[in-house]
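# Coordinates in review
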Amino acid sequence: MVSPGIMADGDSNSLLSLVSFLLFILITATAVTGDSDREVLLSFKSYLQSWNPTERGKYNEWETTEKQGVCQWPGIICTPEGSRIIGINLRDSTISGPLFGNFSALTQLAFLDLSNNTIGGSIPDDLNRCHNLKHLNLSLNIIEGELSFSGLSNLEVLDLSVNRIEGDVHSSFPLLCNSLIVANLSTNNFSGRIDDIFNECRYLKYVDLRYNGFSGEIWSDFRRLVKFSVSRNRLSGNISASMFRGNCTLQVLDLSGNGFAGEFPGQVSNCQNLNVLDLWGNNFTGNIPAEIGSISSLRGLYFGKNEFSRDIPETLLNLSNLVFLDLSRNNFGGELQEIFGRFTQVEYLVLYGNSYVGGLYSSNILTLPNLSRLDLSYNNFSGRLPSEISQSLMFLVLAYNNFSGDIPREYGNMPRLQALDLSFNRLTGSIPSSFGKLTSLLWLMLANNSLSGEIPREIGNCTSLLWFNVANNQLSGGFHPELTKMGSNPLPTFEVNRRTMDNTISRSGECLVMRRWIPAEFPPFKFVYATFTNKSCRTLWNHVLKGKCIFPVCPAGSIVDPLDISGYLQLSGNKLSGEVPANISQMKKLSMLHLGFNEFEGKLPIEIGLLPLVFLNLTRNKFSGQIPQEIGNLSSLQNLDLSYNNFSGNFPTSLNDLSEMSKFNISYNPFISGVVPSRGQLATFEKDSFLGNPLLQLPSFFNQSGNNNTSSGERDNGREEDEDDGAAIDMLVFYWSTFSFYVVALMGILVLMYLDCPWCRAWLRLVDAFTVSMKSMLS
């Protein structure tokens, strides 16, 4: 008899055997499950390869043999002991096609990041069975369909931003709320109400619903979050004081771009951790709450495009950390408020579109010691520009006002200045030569004034100047060779911006500035406008300022990275004269050159064929000589206008090689001769591209019914009739002017028969020469 608590040897051996058996079963099950995970991944790899036969990401390195453990595969995360797969990170892996439909077979999967790919289709139901999933990031794809997450109760981070998902979200919330901390649904097509969907999300801290179609009233408990953004939706109603009562943990509150109305409550001062308060683009009225001045942590206030009173609370001067103040488009009217000259802490001050009048002298706004960016455009300011100005300015925008007088030479003493926009004013006088000291200047916009004199040679010292626009002034003089040095080395300026730009703060007014500074009507900048939305302009702004430009151009004979820098030179609509210098070929970053409507003359330098031009306009000048064959090397050229000049010689057939060209005009160069090819790119243009060139032989189909454009099967008959009418009018004018000349000449001859003087004989010789030339032209 064995006493209690003492085990017999046989029983002990049996127990050990049982424990060993259970351990064996556990180890075997783990190994089998691990092998199962491996098989799922290999199935996933095959699936991705089938949808991506050429460009493949790091998943292509996953081994089908057992030489390498699964946990060493790129993008795979395992448990500490390496037995199970708990995470997959294939961010930015050039994945396209629908989402894989068997992730649930990875029963321990807790982390899944497939962001920044081109995954399409709808989200499969299989994902709902990944019950252990805590982190799901499918952002920056093209996923469609509706959202229906009912089985992901352990999810902590959900990021579906920048997709095409639509519909209501009530089928997923509050079912997702059990553990959710981060919910980013921004930049989709979601709709419906949001006033109650987060009520049961006890741990929720970060909510981003920007750029959707949500409507109705706002969720009232947003004060318990850290960040809440509903920018660019269709929300409406009032923001009540009760929404800020109690403990407020908000650091970012973004209500911009909606339809909220009424007065904004001063109880927002309960949110003492607030860094950014963005109310831009609503219908708020009344006074700006003075209580906001007690939120010492505030760095950005965006109150533009509302209907706030013009009385600015003195308490805002107490915000010692305030960097960005935007009160644009509130229609304040009257003179600029004196208080703005006392915001010595502010670096970015945006006041455009407020119907201000008067001058700037009394406000002292241009002398704020820390001011980096000042935008006073689209007002009615008048008078002279103040000569005293802050040396800290990087962006000075005074366009679309009524300023008059000279540009102060002191504006050339701002070493940090990167953009100066004085366009669309009434400025006179010359461009200050002191601008040559602005080596950080990227933009110089002086268009549509009454400036005169020469373009200073010193502008060539502006080595960062990529974008120069002086169109529609009264400038004269020549295109000095020194000017070709502008924009030769902008990299130091870009490096400064990469190190110092605060992306979280510079976020107001960029869209308006980008639309004005990027000329939409000219390629290659049309590409930007094709994708230009309020969602993208801030990203584009940051890219441009850091030298990662988004204008796809290619230099002659080669292909360039789409993010290459693309500059422009806009000199049209002036009285500039002389020849274009041959060293224009040094302007290697120039993609747009507009010299039209000037008085340039002489031969066009062959070196122009070395530029990466996409746009070249020389219309209405006095250029002469042969059109350089080298223009045919501009393989990216899309728009070429050489009309209304005095070019002569043979028509350059190399232009037929410009396969990207969509606009072409060589009209009214009457001394050009030769044959226009009947095949190729030039044959795709209409007859009006060649008008007024009597010595130029056009393809026969230009004078026949049918399509001038051989690549399509139709002609715009109405347009053809208009062209024929235009040609008939041209010939009528030609014959009438010739007849008039003969009448005048005949009368002159009759008079001169009674006179005998040297100038009389010269006149008779002139008439004789003209008669001979007209006979040869008409024969």
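To be clear, the structure that these remarks concern was listed above.
Now for a description of the structure that goes with this document. Treat the numbers as computed from the prediction; the structure is a model and nothing was measured.

### Digging into the overall build of the chain
Helices and strands together make up the secondary structure of the chain, namely seven helices and 44 strands. Relative to its 779 residues, the chain shows a buried fraction of 50%. At a minimum sequence separation of 6, the contacts of the chain that also span at least 24 residues come to 50%. Approximately 34,200 Å² of the chain is accessible, and the part contributed by carbon and sulfur atoms is 52%.

### Some details on the sheet that holds strand β44 (residues 696-697)
Within the open sheet, the six strands sit side by side as β35-β37-β39-β41-β43-β44. Their pairing is parallel. Single-partner strands in this sheet number two, and they are β35 (577-578) and β44. Bridge count between strand β43 (residues 671-675) and β44: two bridges; the pairing is parallel. Looking at the pairing, V675 lines up with Q697 of β44.

### Details of the pairing of strand β36 (residues 590-594)
With five of five residues buried, β36 lies mostly within the body of the structure. Strand direction decides the pairing type here: strand β34 (residues 567-570) and β36, joined by four bridges, are parallel. Pairing of Y568 across the sheet is with M592, part of β36.

### As for a nonpolar patch on the surface
Residues I181, Y203 and Y206 make up a contiguous nonpolar surface patch of roughly 270 Å² in combined accessible area. Secondary-structure assignment places Y206 in strand β11 (residues 206-208). On the accessibility criterion, Y206 (37% relative accessible area) is partly exposed.

### As for unusual backbone geometry
Of note, the bond from F173 into P174 is cis; its omega dihedral lies within 30 degrees of zero at 10°. Its location among the elements puts P174 in the loop between β8 (166-167) and β9 (182-184). Located in the positive-phi region is Y668, a residue other than glycine, with phi close to 60°. With respect to the helices and strands, Y668 occurs in the loop between β42 (663-665) and β43.

### Quick word on the sheet that holds strand β12 (residues 213-216)
Overall, parallel pairing links the seven strands, which are arranged β8-β10-β12-β14-β16-β18-β20 in an open sheet. With partners counted over all chains shown, the strands left at the sheet margins are β8 and β20 (307-308), one partner each. One ladder, built from three bridges, connects strand β14 (residues 234-238) with strand β16 (residues 259-263); its direction is parallel. Across the sheet, N238 pairs through a bridge with A261, a residue of β16.

### Section: the nonpolar core
Core analysis: the biggest nonpolar cluster contains 174 residues, and F103, L277, F340 and I631 have the highest contact counts within it. Listing elements by their share of this core, those giving two or more residues are α1 (9-51), β1 (76-78), β2 (85-89) and β36. For this core, the element with the most residues is α1, which contributes five residues. In this structure, I631 is in contact with L604, I608, L616, L637, L640, L655 and L658, ignoring residues within four places of it in sequence. Counting 20 residues, the second largest nonpolar core, distinct from the first, contains M501, I565, Y568 and F615.

### Re helix α2 (residues 491-500)
All of the buried residues in α2 are T493, F494 and N497. Looking straight down α2, one finds its buried side chains confined to an arc of 100°; they lie on one side. Structural note: α2 exposes R499 and T500 on the side pointing more than 90 degrees away from its buried face. Residues of α2 that are buried make contact with α5 (537-545).

### What to know about the state of the cysteines
This model, assessed by the stated rule, comprises three disulfides. Here C177 is linked by a disulfide to C201, with a sulfur-sulfur distance of 1.7 Å. Within this pair, whereas C177 is found in the loop between β8 and β9, its partner C201 is found in the loop between β10 (189-192) and β11, the two being separated by 24 residues in sequence. The class for C201 is buried, based on a relative accessible area of 0%. What pairs with C248 in a disulfide is C271, and their sulfur atoms sit 2.0 Å apart. Between C248 and C271, the disulfide has an S-S torsion of 90° and is therefore right-handed. Linking C248 in the loop between β14 and β15 (252-254) with C271 in the loop between β16 and β17 (276-278), this pair joins segments that are 23 residues apart in sequence. Here the two residues C248 and C271 agree in accessibility, since each one is buried.

### Details of the side chain of S93
You can see S93 is positioned in the loop between β2 and β3 (96-98). Within the structure, S93 has its side chain in polar contact with the backbone oxygen of R91 (distance 3.3 Å). Contacts of S93, omitting those with residues within four sequence positions, involve R56, G57, K58, Y59, N116 and N117.

### Structural notes on the pairing of β10
Side-chain alternation along β10 places F190 and G192 on a buried face and N189 and S191 on a face that remains uncovered. Pairing of β10 with β12 involves two bridges; the strand directions are parallel. Paired with G192 across the two strands is F214, which belongs to β12.

### Concerning the side chain of S689
Inspection of the secondary structure puts S689 in the loop between β43 and β44. The class for S689 is buried, based on a relative accessible area of 7%. In contact with S689, other than residues within four places in its own chain, are F664, N665, I666 and S667.

### A closer look at the packing of aromatic side chains
Scanning the model with the defined rule gives 31 aromatic pairs in all. An angle of 20° between the planes, with centres 6.5 Å apart, marks the rings of F260 and F284 as stacked. Here F284 lies in strand β18 (residues 283-286) and F260 lies in strand β16, a separation of 24 residues in the sequence. Across this residue pair, the class does not change: F260 and F284 are buried. Ring centres of F381 and F403 lie 6.0 Å apart, and the angle between their planes is 10°; on these two criteria the pair is classed as stacked. Residue F381 is located in strand β25 (residues 380-384), and its partner F403 is located in strand β27 (residues 402-405); the two are separated by 22 residues in the primary sequence.

### Points about the pattern of salt bridges
Within the structure shown, the criterion is met by twelve salt bridges. Across the pair R84 and D37 runs a salt bridge whose closest N-O atoms are separated by 2.8 Å. One end of the pair, R84, is in the loop between β1 and β2; the other, D37, is in helix α1, and 47 residues separate them in sequence.

### Overview of the environment of G101
With respect to the helices and strands, the residue G101 is situated in the loop between β3 and β4 (111-113). For G101, a relative accessible area of 44% puts it in the partly exposed group. Excluding anything up to four places from it in sequence, G101 contacts P124 and D126.

Thresholds, definitions, all that
- Residues numbered from 1 in each chain as written.
- Predicted model: local features only at pLDDT ≥ 70, side-chain atom pairs only at ≥ 80, totals over all residues.
- Heavy atoms only, no water.
- Helix = DSSP H or I, 4+ residues; strand = E, 2+ residues; numbered from the N terminus.
- Buried < 20%, exposed > 50% of the residue type's maximum accessible area, 1.4 Å probe, protein only.
- Contact = heavy atoms within 4.5 Å.
- Areas by Shrake-Rupley, 256 points an atom, 1.4 Å probe, with all protein chains shown as cover.
- Pairing = 2+ DSSP bridges.
- Patch = residues over 30% accessible without salt bridge, like charges linked within 9 Å, V, L, I, M, F, W, Y side chains within 5 Å.
- Salt bridge = Lys/Arg side-chain N within 4 Å of Asp/Glu carboxyl O.
- Core = buried A, V, L, I, M, F, W, Y, C linked by side-chain atoms within 4.5 Å.
- Arc of directions from axis to C-beta.
- Disulfide = S-S within 2.5 Å.
- Polar contact = N/O pair within 3.5 Å; in protein donor to acceptor, adjacent residues only side chain to side chain.
- Phe/Tyr/Trp six-rings, centres within 6.5 Å; stacked < 30°, edge-to-face > 60°.

Just distances and angles here, no functional claims.
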